[in-house]
Each structure stands twice: as structure tokens, then as C-alpha cells.
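Chain by chain, the residues run as shown.
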Amino acid sequence: MIQLLTPQHWKDYELIDCGNFEKLERFGDVVTVRPEPQAVWAKILPDSEWTRLQTIRFRGRSATSGDWVKKNPKAADRWHINYQNDDVAIQFRLALTSFKHVGIFPEQAVNWDYISKHVKQFKARSPKVLNLFAYTGGASLIARAAGADTTHVDSIRQVVTWANENQELSGLENIRWVVEDALKFVKRELKRGKKYNGIILDPPAYGHGPNGEKWKLEDHINEMMQDVVQLLDPEEHFLILNTYSLGFSSVIVENLIRSAFPKVENLETGELYLQATSGIKLPLGVFGKFYKTKE
């Protein structure tokens, strides 16, 4: 059964509306308008309401960059928001970047809840969690806050520095930071005989490693999955694979997981979305996840 899941615990984030290739979002007290290629339908709310509510709008200059236009020129470029579920609480620094992102993917809160729940349930005293393609560290912070010995891997040094700031904001410490190509790191860990209780993968459609390594999702994800499942602790584990690619379905993700790990237990697949308060749903990627617990 394919699942449709949306975050349940956000207080500092709200998708207000989306459509005409844009989304209207609230991050704390800041309301942004950003491009959204999935929003091919018409907006629910009138343009006048979008104009009234927004505090900052992203205006693209090219396919990959642009500028932020503020209603109040004195508005800050950086601010903080919180996330809290039944198990843990963390904090993020958000910022206006030239490539439309603000430092968080809110739909991933669904996966964060899964992480904290299973880390808390593990019988291992300090379960090991590996977060690959880890960006600004939402999943890393959640795992560490839940008590995991956490390793965070991303190929962009500035993003890892940002994640470290989020760790400090959240009152956490001792996350292991690694700036490296994710596939190379996994192969090295295999040679070392390392095992992890939890592994999170949120790969981009395209990317580059710190030494120019090329990542293309459809070309490399099967190799990654075949390798990464060998790092799982055989007795208790979870794995989350999340993809944001217009060409990927949850059936593809299911096939990848079953091919790499035929003995998979408790497999769930589906689609993540954000529920707008205007009533519309915004799809934001597909997922596969599974877990095994000790008897």
C-alpha cells in the first residue's frame, strides 16, 4: 500500500498556498514566496492575499540563482525556527540563499519523526546513525537529540558548517562531520567493516563531490543502495531513502530497496507532501523506509 504522508508536528512552519509554479510559506514570522516546479495548478488564494501576506519574495535571475525582494528592507537575512515532536526538540538557523533555499526542507519532518521513534526504541545503548547527503542536518540533529552516535556526510563544506551551527543552536554536541562524496565514504566504511543502526539517504537528482565527483541519481542510486545496505547492523536497524525527482515513483524506490536488500522487513513506501492551509496538497518526493528490531 502506497502511503501519502505529511508532517504533523510543525508549529513554526506553514504552507499557506501554492500554485502557478510558486509557494507561499511561513517560517516562524517570515512569509516567503519561492518558485515551486511541482505546483502546475492554479493558486487557491487570490494574488492580493499573497501580496498582503508575503514579507520576502524570491525573484529568479537564471535557472539556478536569483535575488530576494523584501517588503521591509530592514528585515533580517537570518532567523531561527524550532521543531519539536513527541521525542525531541531542535532548532534551525534559516537564511536567504542565492539559489532560493532557506536551509530546510519542511516535508522531511515526516522522516525525522521516524528517526527519533526508532532511535529511542533501539536496545543498543548508543545506536549509530549515518546521514548521507545530509544538507543542513535536520535528520542528524534529530538522531543525535534522540541519543544516537551520529555521522553527518555532505560534499559541500559551507553546508556542513551551517549544520554545525544548527547543532550548537539545538544545544547538542559530538555529531561527526564529514565533508566527502557520499558514495566514496560508504565504500570506505565497508572496507573498515563499520556497521550502523540507522542510515538516511536524501540524494539530489544531480550533485558534485568535493573533488569534482559527479552524482546523477538514476546512474548511481542502485550502486549506492547495494553498498549501503551492507553497512546495516543485522540485528536492529532502520533505513530511509528519500528522493525528490520528477522522474521517480515510490515503485522505483521499492524495487531499489528489495533488489539491494531481499530480506527487508517492515517496508513502507509512498509520497511526502505538504498540506497547505488553503486546502491544496504539494507533493515533494517519494520515500522508502524499513526497520528491524531485536526480539
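Thresholds, definitions, all that
- Residues numbered from 1 in each chain as written.
- Predicted model: local features only at pLDDT ≥ 70, side-chain atom pairs only at ≥ 80, totals over all residues.
- Heavy atoms only, no water.
- Helix = DSSP H or I, 4+ residues; strand = E, 2+ residues; numbered from the N terminus.
- Rg over C-alpha atoms; globule rule 2.2 N^0.38 Å.
- Contact = heavy atoms within 4.5 Å.
- Pairing = 2+ DSSP bridges.
- Axes fitted to C-alpha atoms, helices over the stretch in contact; angles between N-to-C directions.
- Expected span 1.5 Å × (residues − 1).
- Buried < 20%, exposed > 50% of the residue type's maximum accessible area, 1.4 Å probe, protein only.
- Arc of directions from axis to C-beta.
- Lys, Arg positive; Asp, Glu negative; His and termini not counted.
- Salt bridge = Lys/Arg side-chain N within 4 Å of Asp/Glu carboxyl O.
- Polar contact = N/O pair within 3.5 Å; in protein donor to acceptor, adjacent residues only side chain to side chain.
- Parallel < 35°, antiparallel > 145°, perpendicular 65-115°, else oblique.
- Left-handed = near helix turned anticlockwise from the far one by under 90°.
- Nonpolar A, V, L, I, M, F, W, Y, C, P; charged D, E, K, R; others polar.

Per an unreviewed UniProt entry, the protein chain carries the name Oxidoreductase and comes from Mucilaginibacter agri.

Peer 1: Would you explain the overall build of the protein chain in this entry?
Peer 2: Along its length, the protein chain carries 7 helices and 17 strands. Computed over C-alpha atoms, the radius of gyration of the protein chain comes to 19 Å, within 12% of the 19 Å expected from 2.2 N^0.38 for 295 residues, which places it in the range of a compact globule. In terms of its C-alpha atoms, the protein chain occupies a principal-axis envelope of roughly 55 × 40 × 40 Å. Taking the intrachain contacts of the protein chain between residues at least 6 apart in sequence as the baseline, contacts between residues at least 24 apart amount to 62%.

Peer 1: What is the right way to look at unusual backbone geometry in this model?
Peer 2: Peptide bonds are mostly trans, and most non-glycine residues show a negative phi. In this structure, phenylalanine 133 is a non-glycine residue whose phi angle is positive, near 55 degrees. When you line up the elements, phenylalanine 133 lands in the loop between strand S9 (128-132) and helix H3 (138-145).

Peer 1: Would you take a moment to explain the sheet that holds strand S3 (residues 22-27) for this structure?
Peer 2: Two strands in a sheet stick together by hydrogen bonds in their backbones, pointing the same way (parallel) or opposite ways (antiparallel). Strands sit in the order S2-S3-S4-S5-S6 across an open sheet of 5 strands; the sheet is mixed. If you trace the sheet from one side to the other, it starts and ends with strand S2 (13-19) and strand S6 (66-70), each paired once. For this sheet, the mean inter-axis angle between neighbouring strands, taken without regard to orientation, is 20 degrees. Of the pairings in the sheet, the one linking S3 to strand S4 (residues 30-35) comprises 6 bridges and is antiparallel in character. Within the sheet, the bridge partner assigned to arginine 26 lies in S4 and is valine 31.

Peer 1: Looking at this structure, I do not really get helix H4 (residues 157-169). What am I missing?
Peer 2: For the α-helix, the turn length of 3.6 residues means that residues three or four positions removed from each other point alike. Between the first and last C-alpha of H4 there are 19 Å, a value that for 13 residues agrees with the 18 Å anticipated at 1.5 Å per step. What H4 keeps buried is the set Val159, Val160, Trp162, Ala163, Asn166 and Gln167. Along the long axis of H4, the arc covered by the buried residues comes to 155 degrees, so they all point the same way. The outward face of H4, more than 90 degrees from its buried face, is lined by the exposed residues Arg157, Gln158 and Glu168. At its buried positions, H4 is contacted by strand S8 (89-95), H3, strand S10 (149-154) and strand S11 (176-179).

Peer 1: I would appreciate a short explanation of the sheet that holds strand S1 (residues 2-5) in the present structure.
Peer 2: Taken together, 8 strands build an open sheet; the order of strands is S1-S16-S17-S15-S12-S9-S10-S11 and the sheet is mixed. At either end of the open sheet lies a strand with only one pairing partner, and these are S1 and S11. Neighbour to neighbour, the strand axes of the sheet diverge by 20 degrees on average, direction disregarded. Packed on one face of the sheet, helix H2 (residues 109-121) meets S1, S9, strand S12 (198-201), strand S15 (237-243), strand S16 (268-275) and strand S17 (281-292) and runs near 175 degrees to S15.

Peer 1: Is there a simple way to think about the side chain of glutamate 236 in this case?
Peer 2: Along the chain, the position of glutamate 236 falls in the loop between helix H6 (217-228) and S15. It turns out glutamate 236 is buried and unbridged, and the closest side chain with the opposite charge, lysine 294, is 4.6 Å from it. A polar side-chain atom of glutamate 236 sits 2.9 Å from the main-chain amide nitrogen of lysine 123.

Peer 1: Explain the packing of helix H5 (residues 182-192) against H6 here, please?
Peer 2: Each pair of packed helices can be summarised by the angle the axes make with each other and by the distance between the axes. Their axes nearest at 10 Å, the elements H5 and H6 cross at an angle of 25 degrees. The angle between H5 and H6 places the two elements in the roughly parallel class. For the pair H5 and H6, the crossing hand works out as left-handed. On the side of H5, the interface is formed by Ala182, Leu183, Val186, Lys187 and Leu190, while H6 contributes Glu223, Met224, Asp227 and Val228. Looking at side-chain class alone, the contact of H5 with H6 contains 6 nonpolar, no polar and 3 charged residues.

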